[in-house]
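Observations on chain architecture
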Amino acid sequence: MALVLTTAAVPDGERLAYWRDALGRALVPMAVTARHDGPFEGRVSSERLGYLRIATVEADAQRLSRTPAHLTGADPAVACVAVGVQTAGTATLIQDGRRAFVGEGDLMVHDTGRPYSLDFPGRFTTHVVHLPRRALGLPEEDLRRVTGTSIAGTTGFGALLVNFLTSLTAAVPPCAPAVATRLATGVVDLFATLVEERTPDDATPDGNPGDHLVLRVRDHIDRHLGDPGLSPQTVAAAHHISVRYLHRLFEGEDITVARLIQRRRLERCARELHRPDGTAPTVSAVAQRWGFANPAHFSRVFRAAYGRSPREWRGAWDELLPTG
């Protein structure tokens, strides 16, 4: 059932405080500053789709700020990545020292687990989808390349995500829990693909041929994760270089090739295991699909990376459901 909150029936002097509380219920707690004098008008609707929270915000000019004080006591396990579609008006997003202008039809991405601000200079409409970070299965460094940024909604996966989210948020369909979960997973997969599409371009320093080879190696690893024989030796052979040179290429990457292979496999397994889908394969099948031939080894390295066994991780998917 959708939560709909509007200032229409609230006395003028109480509207801003009411609006601040409404956004806290529908999204996350934030400070609100009106950008003009006179009666403030705003409307926010929020509902759930599987483990996603979807909201539409229509309001007068304002500045929203999520400060360190709002994060005090917040559970990092329920932190989300917010993906917004700006359908009317403009915004300026600031996070991690980045300032991004958001125009109509653009996407904006921010992490609710870190401070940020959103400045709307005029009346606006924004659709916001909160993606639980644990459901994404993406490395922190990859997420930080897209949070605090705006993404054009006219090309690549940005266009696909804008069209999908716009249709979805316009009318969240009534559906069975299993169908809602599949739709939520579709949103997560599209966003993860968007991140992976943008990561090589953002990560490539100019003028160093070795960096392009590193990107090719990373792409090769991602395409062959299901091969249990994938190793630094096979990666080097596929690129006609020595293992020693391969290790030299990764000296500036803060991770070895073997660790990268393992981490990417674990990320794929974690994402797949966190899908509360009745048709999902068994834990052992997921492990084998992503190149883990030894179930005991898989369980051990998974627990070391995520703090719980694969079965515990799979059984805890309901922790992703928003509360409040």
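Residues numbered from 1 in each chain as written. Predicted model: local features only at pLDDT ≥ 70, side-chain atom pairs only at ≥ 80, totals over all residues. Heavy atoms only, no water.

**Points about the pattern of salt bridges**
Here is the rule: Counted as salt bridges are all cases of a side-chain nitrogen of Lys or Arg within 4 Å of a carboxyl oxygen of Asp or Glu.
For the coordinates displayed, the defined rule picks out 19 salt bridges. E140 serves as the salt-bridge partner of R133, at 2.1 Å between the closest nitrogen and oxygen. Connected through salt bridges with shared partners, the residues D96, D111, R114, R133, E140 and R144 form a single ionic network.

**A short note on the confidence of the model for the protein chain**
Rule in force here: One confidence number per residue, pLDDT, is output by the predictor and ranges from 0 to 100. Only heavy atoms enter the contact rule, under which two residues are in contact if any of them lie within 4.5 Å.
Here the protein chain averages 85 in pLDDT, and 90% of its residues register 70 or above. In the model, residues 201-207 has pLDDT below 50 throughout and makes five contacts with residues more than four positions away in sequence or in other chains. Segment residues 320-324: pLDDT under 50, and 15 contacts once partners within four positions in sequence are set aside and those in other chains are kept.

**Topic: the sheet that holds strand β1 (residues 3-6)**
Across a sheet, strands are paired by hydrogen bonds formed along the backbone, either parallel or antiparallel in direction. We count it as follows: Strands are treated as partners if at least two bridges between them are detected by DSSP. The helix count covers DSSP runs of H or I at least four residues long, the strand count covers runs of E at least two residues long, and both are numbered beginning at the N terminus. Only the stretch in contact is used when fitting a helix axis, every axis being a line fitted to C-alpha atoms; angles between N-to-C directions are given from 0 to 180 degrees.
Pairing is antiparallel in the open sheet, where seven strands are placed in the order β1-β3-β4-β11-β6-β9-β12. With partners counted over all chains shown, the strands left at the sheet margins are β1 and β12 (149-151), one partner each. Shown here is a sheet whose adjacent strand axes are inclined to one another by a mean of 20°, direction ignored. Alignment of strand β6 (residues 80-88) against strand β9 (residues 107-111), held across five bridges, turns out to be antiparallel. Within β9, the residue paired with V83 across the bridge is V109. Helix α1 (residues 15-26) rests against β1, β3 (42-49) and β4 (52-59) of the sheet, and its axis sits at about 15° to β3. Where helix α5 (residues 156-170) meets the sheet, it contacts β3, β4, β6, β9, β11 (124-132) and β12, and its direction lies at approximately 80° from that of β6.

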